[in-house]
Amino acid sequence: MSMWGGRFEQGSAAEFCEFNDSLKFDYVLAPFDIQASKAWVNALTEQALLTSEEQKQLQDGLAELAAEIQVNPKLPLSSNAEDIHSWVEEALQDRLGNVARKLHTGRSRNDLVATDLRLWAIAKAHVMGEQIAATIEALIAFAERYEFSVMPGYTHLQRAQPVLVSHWALAYVEMLERDLDRLKQARDRLSTLPLGCGALAGSGIAVNRSLLAKELGFNDLCRNSLDAVSDRDFVIELLSIASLGMVHLSRLSEDLVFYCSGEAGFFLLGDAISSGSSLMPQKKNPDVFELIRGKTGRVSGHLQAMLMTVKGLPLAYNKDMQEDKEGFFDALQQWQQCLAIMAYALPHLTVDEALAQKSAELGYSNATDLADYLVGKGIAFRDAHEISGKLVLTALRKKVPLEQLSLAELQKEVPEIADDVFAALALRAGMDRRCALGGTAPKQVHGALRRARQRLQAQVASLTHIRQAKLSDVPKIAELIRYWAGKGEHLPRQEQDIMQAIHQFAVAEIDGELVGCGALYVYGTGLAEIRSLGLKEGLQGKGLGVEIVQCLLDQARTLGIGRVIALTRAPAFFAKIGFSIADKSRWPEKVMKDCEFCPRKHACDETGLEIHL
């Protein structure tokens, strides 16, 4: 069944169909096309273009199709339909007859494919977020396993300064966390609904697009019909994030290939993630990491292809845009597979801790420590740097490490050097001095590891969906507050008060159910307070509360607020986010406003905390 045959006197040539048709790759959109069609049926019914009986027939037929697709995702490929939209209509017409021909009323394949692709991208972004989090978890677990192990750090692929293995692993945690942040931001941006924009000028039917967006789970509506059907910047953005994510995985892979090589050798490959040579029996190859490195070009190539496809297109839709799918689908699938295999491989890596530490001690990596020692003796750093270099040259000529030069040899260059220099040149002493925030000192790295795990918990929780509250959330927010007020954890709040303050609330959702809330109350002095923080019973300890607070703190930063307070009987929860104990008696605004109405005001057992942003 052709969707455009009336204008033509003859059918399309087989060669044209083979070149033109897209079903062979866009069949993966079937569940999303059916989802969009179900919402469109309801919109047509609301406009009295379908009877309630026709609505039921179409909804039942679409539900049957969805069930069949779930069992056999490749079912559409048994058809000769042009694309997935044609297949859905054909399949419905086979089941329902002429009523199926009403489904396409008021819509175009242009706004439909844009909707399908966004729905697919939203679902895929969620899966990708979970996979990035799993890879971060594997890196953190590796860092925890080798928290105090020492390895050489490199610049220009030459040994530079010793670092902790955990500090190295946490560098990649930081990169992947940014990838996850970018992915979540992109997911929020792409959650705008094109359906109802027609081919280019809008639908000829006054459908309620806001209800369509709500039913399909979109956050907003595309505001311009030309833009809605003709741009694919969300595809380009996700391809860009995937390319950068692959670059990070590629850099990690390159490190691992080198560290596992015979030239370094302080990381060891497990048998489960290694391959051998068909000729050389001794070989143990890091193929998994080399493949990740190689696939990076493939993913970034898809980004460049999409940029070139879009760069010269006039408004609105053009057939060139059919090229938006194959590379997009492949790029995200490759990224997902590479993240998954990296998460699998990291537990199969071990560190030869003795060799790694010995390697860190080679190459005069304590030369900077000697310069720092001389600075402590009152010598200007530039002079200390030159003196340290001269002593390295002396040690090189004698073929000994710096710490094996005699005190007399050291004092020949600088009389101020004393016996304490040897303690300063010790490996651990030099690392301990790197104690500024972000450094490799064991104390700093221990704290960084703890914070990374806390952030991971919050990131995992955020994949459930943390968002600004809406008026429709008021009953559920009130229910949560009543529950915890009944346990003495909150002051009670009336629904009307919550409604008036709804702009202050952030909420957490799981599978569409509101399961947590919190509010940011701003005082007249510019001080803000976290209030009404609560989760559905049984969800504590999973990071949801942390993510709600982080969302509120982000809101405070956007508003230019410098200090946020909390009054709580769970100070440890806020402390792990970065709050510190504060003197609540210095909060006159808080005391004057709420504490007078608190039943515990004469026997307060709450702790005051604050955080400076």
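Remember, predicted model here, so these are calculated numbers, not experimental data.

Moving on, we get to helix α5 (residues 84-96). Helix length check: α5, at 13 residues, gives a terminal C-alpha distance of 18 Å against a target of 18 Å (1.5 Å per residue), a fit within 8%. Restricting attention to buried positions, one finds in α5 the residues I84, H85, S86, W87, V88, E89, E90, A91 and L92. Check the buried side of α5 and you find it contacts α2 (23-26), α3 (30-46), α4 (52-71) and α6 (109-145). Between a side-chain oxygen at the N-terminus of α5 and the backbone nitrogen of H85 the separation is 3.1 Å; the capping residue is D83. G97 sits one or two positions beyond α5 and adopts a positive phi of about 80°.

To continue, consider the sheet that holds strand β12 (residues 580-581). Reading across from one edge, β7-β8-β9-β10-β11-β13-β12 is the order of the seven strands in this open sheet, with mixed pairing throughout. Each end of this open sheet is capped by a strand with a single partner; those strands are β7 (466-468) and β12. Note that strand β9 (residues 513-522) and strand β10 (residues 528-535) share six bridges and pair antiparallel. The residue of β10 that forms the bridge with G516 is L535. Across the face of the sheet, helix α20 (residues 474-486) comes into contact with β8 (505-510), β9 and β10 while running at roughly 80° to β9. Here helix α22 (residues 544-559) sits on the sheet and contacts β7, β8, β9, β10, β11 (563-568) and β13 (607-612); the angle it forms with β9, its principal contact strand, is near 35°.

Attention now goes to the confidence of the model for the protein chain. Residues at a pLDDT of 70 or more form 94% of the protein chain, whose mean pLDDT is 89. Mean pLDDT across the elements of the protein chain ranges from a minimum in helix α24 (residues 588-593), with 55, to a maximum in helix α10 (residues 233-259), with 97.

Bringing the packing of aromatic side chains into the picture now. A full pass over the atoms with the stated rule returns 19 aromatic pairs. Measuring from ring centre to ring centre gives 4.7 Å for W120 and F329, while their planes differ by 55°; the resulting arrangement is tilted. Taken as a pair, W120 in helix α6 and F329 in helix α12 (residues 326-345) lie far apart in primary sequence, 209 residues in all. Here W120 and F329 have matching classes, each one buried. Members of the aromatic cluster, each reached through a chain of ring pairs, are F142, Y146, Y154, W168, Y172, F258, Y259, F266 and F267. The ring centre of Y521 lies 4.0 Å from the NZ or CZ of R531, which sits over that ring.

Okay, the pattern of salt bridges next. The final tally for this structure, using the stated rule, is 32 salt bridges. Measuring nitrogen to oxygen at the nearest pair gives 2.9 Å for the salt bridge that ties E137 to R453. Of the two residues, E137 sits in helix α6 while R453 sits in helix α19 (residues 442-462), which places them 316 residues apart along the sequence. On the accessibility criterion, R453 (23% relative accessible area) is partly exposed.

Segmenting the protein chain into domains produces domain 1 (8-105), domain 2 (110-357), domain 3 (363-425) and domain 4 (464-612). The C-alpha centroid of domain 3 is placed 77 Å from the C-alpha centroid of domain 1.

Definitions and cut-offs
- Residues numbered from 1 in each chain as written.
- Predicted model: local features only at pLDDT ≥ 70, side-chain atom pairs only at ≥ 80, totals over all residues.
- Heavy atoms only, no water.
- Helix = DSSP H or I, 4+ residues; strand = E, 2+ residues; numbered from the N terminus.
- Expected span 1.5 Å × (residues − 1).
- Buried < 20%, exposed > 50% of the residue type's maximum accessible area, 1.4 Å probe, protein only.
- Contact = heavy atoms within 4.5 Å.
- Polar contact = N/O pair within 3.5 Å; in protein donor to acceptor, adjacent residues only side chain to side chain.
- Pairing = 2+ DSSP bridges.
- Axes fitted to C-alpha atoms, helices over the stretch in contact; angles between N-to-C directions.
- pLDDT = per-residue confidence, 0-100.
- Phe/Tyr/Trp six-rings, centres within 6.5 Å; stacked < 30°, edge-to-face > 60°.
- Lys NZ or Arg CZ within 6 Å of the ring centre and 35° of its normal.
- Salt bridge = Lys/Arg side-chain N within 4 Å of Asp/Glu carboxyl O.
- Domains from an automatic or database assignment.

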